[in-house]
Amino acid sequence: MEEKKVESTNKNVKKVNLLDHNSIKHMLDESVSDIVTSRGYKEDVRLSNMKLILGAVIIAVALVAQFYNKKFPENRDFLIGCIALYPFFLTSNLLNGVMQLIMYTKEKNAILFTYPLEGSFTSTGLIVSSKLPRFSDEYTLTIDSADPKSISAGKSVQFTKSVTQWFTKEGVLVEGLFWKDVEALIKDYANEEPKKKK
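So, a few notes on the structure that sits alongside this text. (Residues numbered from 1 in each chain as written. Predicted model: local features only at pLDDT ≥ 70, side-chain atom pairs only at ≥ 80, totals over all residues. Heavy atoms only, no water.)

**Brief notes about the packing of aromatic side chains**
Line of reasoning, step 1. For the structure shown, the criterion picks out 4 aromatic pairs.
Line of reasoning, step 2. On the numbers, 6.0 Å between centres and 90 degrees between planes, the contact of Tyr139 with Trp166 is edge-to-face. Here Trp166 lies in the loop between strand E4 (157-162) and helix H6 (175-189) and Tyr139 lies in strand E3 (residues 138-145), a separation of 27 residues in the sequence.
Line of reasoning, step 3. Accessibility expressed as a relative area gives 0% for Trp166, which makes it buried.
Line of reasoning, step 4. Each residue in the set Tyr139, Phe159, Trp166 and Phe178 is aromatic and connected to the rest through ring pairs, giving one cluster.
Line of reasoning, step 5. One cation-aromatic arrangement involves Lys161 over Phe159; the distance from NZ or CZ to the ring centre is 5.5 Å. (Phe/Tyr/Trp six-rings, centres within 6.5 Å; stacked < 30°, edge-to-face > 60°. Helix = DSSP H or I, 4+ residues; strand = E, 2+ residues; numbered from the N terminus. Buried < 20%, exposed > 50% of the residue type's maximum accessible area, 1.4 Å probe, protein only. Lys NZ or Arg CZ within 6 Å of the ring centre and 35° of its normal.)

This is the structure we're talking about:
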């Protein structure tokens, strides 16, 4: 009985290799997403869906080019057309460029896009982004408005803290401390006053 409790608590523990920069950032980003969605924000997946559709179109174009029905002498005109269009308007390169443009201008370091809270007066959701520079222990978490030009947009808030305060020496994430920091940032964005202790 006691062994089962130990096993179940070990399954809930979030452990990471402290020497792996990417796994630390991934663990923290996943936790941030869980915290923000637990506060009632619903994830906005429209941009992800658009990227998936563009990727499917790119794959379809590549498959048509690869498995064109006719053999070489018969598909000569098709090949000449592909070669002529390649430097200018080859669809897969154009769509790939569009995807890269979306990632550069809209996504940046974003890990989560949300819809506005239900029942709130704001008409804009959140963009949650993070940075953990290489060879650094400073994790920066930023919460912005999804539409900064909106009247109901909140001010951008962020914190930068060392990841060493959220992990034990064994690489276990101390979720309570991290949860508290992220919730304080969300409250700061929403202009909520933290509850005072009596």
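Read on for the rest.
**Considering the sheet that holds strand E1 (residues 110-113)**
Line of reasoning, step 1. Here we have 4 strands laid out as an open sheet, ordered E1-E2-E3-E4, and antiparallel in their pairing. Looking at strand neighbours, the two that pair on one side only are E1 and E4, the edges of this open sheet. Recorded for the sheet is a direction-independent mean angle of 15 degrees between the axes of neighbouring strands.
Line of reasoning, step 2. Where E1 meets strand E2 (residues 126-131), 3 bridges bridge the pair, whose relative direction is antiparallel. If you follow Phe113 over to E2, its bridge partner there is Ile127. (Pairing = 2+ DSSP bridges. Axes fitted to C-alpha atoms, helices over the stretch in contact; angles between N-to-C directions.)

**Digging into helix H2 (residues 21-38)**
One turn of the α-helix equals 3.6 residues, which is why residues spaced by three or four share an orientation.
Line of reasoning, step 1. In this model, H2 (18 residues) spans 26 Å end to end at C-alpha, consistent with the 26 Å of a helix rising 1.5 Å per residue.
Line of reasoning, step 2. Restricting attention to buried positions, one finds in H2 the residues Ile24, Lys25, Met27, Leu28, Asp29, Ser31, Val32, Ser33, Ile35 and Val36.
Line of reasoning, step 3. Tucked inside the fold, the buried residues of H2 contact E1, E2, E3 and H6.
Line of reasoning, step 4. Here H2 starts with a cap whose side-chain oxygen sits 3.3 Å from the backbone nitrogen of Asn22, and that cap is Asp20.
Line of reasoning, step 5. Trailing H2 by a residue or two, Gly40 shows a phi angle of about 105 degrees, which is positive. (Expected span 1.5 Å × (residues − 1). Contact = heavy atoms within 4.5 Å. Polar contact = N/O pair within 3.5 Å; in protein donor to acceptor, adjacent residues only side chain to side chain.)

**What to know about H6**
Line of reasoning, step 1. Counted at 1.5 Å a residue, the expected span for H6 with its 15 residues is 21 Å, and the 21 Å between its end C-alpha atoms agrees.
Line of reasoning, step 2. Buried residues of H6: Phe178, Asp181, Val182, Leu185, Ile186 and Tyr189, and no others. Projected onto a plane normal to the axis of H6, the buried residues spread over an arc of 135 degrees and lie on a single side.
Line of reasoning, step 3. The inward-facing, buried residues of H6 abut H2, E2, E3 and E4. (Arc of directions from axis to C-beta.)

**Description of the nonpolar core**
For soluble globular proteins, the rule of thumb is that nonpolar side chains tend to be buried together.
Line of reasoning, step 1. Leu28, Tyr139, Trp166, Phe167 and Phe178 are the most contacted members of the largest nonpolar core, which totals 26 residues.
Line of reasoning, step 2. Among the elements of the structure, H2, E2, E3, E4 and H6 are those that each provide at least two residues to this core.
Line of reasoning, step 3. Here this core gets 6 residues from one element, more than from any other, and that element is H2.
Line of reasoning, step 4. Setting aside anything within four residues of it in sequence, one finds Trp166 in contact with Leu28, Tyr139, Phe159, Lys161, Val172, Leu173, Val174, Leu177, Phe178 and Asp181.
Line of reasoning, step 5. Counting residues in hydrophobic clusters, the runner-up holds 5 residues, among them Leu47, Leu54, Ile102 and Ile127. (Core = buried A, V, L, I, M, F, W, Y, C linked by side-chain atoms within 4.5 Å.)

**A look at the pairing of E2**
Line of reasoning, step 1. Burial analysis of E2 places 5 of its 6 residues in the buried class, the great majority of the element.
Line of reasoning, step 2. Judged from the 6 bridges that link them, E2 and E3 form a sheet pairing that is antiparallel. Counterpart to Lys131 in the pairing with E3 is Thr140.

**Digging into the side chain of Ser33**
Line of reasoning, step 1. Structurally, the position occupied by Ser33 is in helix H2.
Line of reasoning, step 2. When neighbours within four sequence positions are excluded, Ser33 is seen to be in contact with Ile111 and Leu112.

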